[in-house]
Amino acid sequence: MSQPVIHNLETESHVADALATYIADLSAKFIAANGSFSVVLSGGTLIDTLRKLLEPPYIKSIDWSKWLIFFLDERVVPLDHPDSNYKLAYDGFLSKVPIPKSNIYPIKENLSPEEAADEYEQRLKQLVANNTLKTSPTTGFAKLDLMLVGMGPDGHVASLFCWHFQRFEKKKWVTFITDSPKPPPPRITFTFPLINSADQIAMVVTGEDAADAVKVALGEHASFGYPLPVQKVKPEGKLTWFLDSEATSGLK
Ligand SMILES: O=C(O)[C@H](O)[C@@H](O)[C@H](O)[C@H](O)COP(=O)(O)O
């Protein structure tokens, strides 16, 4: 992994602006190179932070028809349930851009968490097999173009939490958790080997709730002690942080 790029921005609105420019540039670059752009969404505040993409110039300049959308983690609830990350993303972003419905990959409904994770992993493997997605030559896992990753106040990313074994998974691409400390408890999640096979990862972290974990991850003692899940985000491609001044308040 190359050195992470860290954008220290003033407000959440500056983060939203910088993130929109970064995503639009990557979209143009990946579509020119491969004819598609695979994007992985987190839940949480990230979806609202994508709002500037819904405005000019991006809404018109991006070739939305080439986007493929995946979910970094998902709550195992129906897709129209208020807890669903798909619903959050659909209502706040996906319904407002012309991405073909067939390019959006929500989890399958009415499965157990374990079945839903296995099914999602199989679908990713099929997309690799038919060359819709690339493979990392180093890890053999799918190589998604861009993962947009949020972080919880405890330093979790996706549904990979501090004291839960899923963070150590080495073989599976997608796993499940039935006792997530952040409700709701049943979820599926990308694993670290899949996350870290990404070409580009944006860590999008705003608000003072994140300050303690940002201090641990990016402060002078970052290499001491037991790493938070966010410290395991080390893509073979490039990692770019987007932070506002509240999130970095512990570093000053
Ligand atoms: O299912 C979820 O809730 C998420 O995907 C989760 O990993 C989220 O990204 C972080 O908890 C940050 O959430 P906030 O941005 O709301 O702090």
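About the cut-offs
- Residues numbered from 1 in each chain as written.
- Predicted model: local features only at pLDDT ≥ 70, side-chain atom pairs only at ≥ 80, totals over all residues.
- UniProt positions renumbered as here; feature names shortened; annotations may be inferred.
- Helix = DSSP H or I, 4+ residues; strand = E, 2+ residues; numbered from the N terminus.
- Contact = placed C-beta atoms within 7 Å.
- Near = placed C-beta within 6 Å.
- Nonpolar A, V, L, I, M, F, W, Y, C, P; charged D, E, K, R; others polar.
- Pairing = 2+ DSSP bridges.
- Right-handed = clockwise from strand over helix to strand, strands pointing away.

- Per an unreviewed UniProt entry, the chain is named Probable 6-phosphogluconolactonase, and its organism is Helianthus annuus.
- A UniProt comment under Pathway (unreviewed entry) is attached to the chain, and it reads "Carbohydrate degradation; pentose phosphate pathway; D-ribulose 5-phosphate from D-glucose 6-phosphate (oxidative stage): step 2/3."
- Comment text from UniProt for the chain, heading Sequence similarities (unreviewed entry), reads "Belongs to the glucosamine/galactosamine-6-phosphate isomerase family. 6-phosphogluconolactonase subfamily."

Quick notes on the environment of W241
- Tracing the backbone through its elements, the reader meets W241 in strand β11 (residues 238–243).
- A C-alpha to C-alpha distance of 10 Å links W241 and L218, two positions 23 residues apart in sequence.
- For W241, the contacting residues outside a window of four places in its chain are P4, I6, H7, M203 and V205.

A word on the site of the ligand
- G43, G44, T45, G150 and G152 are the nearest of the 15 residues found near the ligand.
- For the shell around the ligand, the per-class residue count stands at five nonpolar, eight polar and two charged.

Side note on the pairing of β11
- Pairing of strand β1 (residues 5–8) with β11 involves four bridges; the strand directions are parallel. Counterpart to I6 in the pairing with β11 is W241.
- Pairing between strand β10 (residues 200–205) and β11: six bridges, direction parallel. Within β11, the position partnered with V204 by the bridge is F242.
- Chirality of the crossover, the property in question, places the unit of β10, helix α7 (residues 211–218) and β11 among those that are right-handed.

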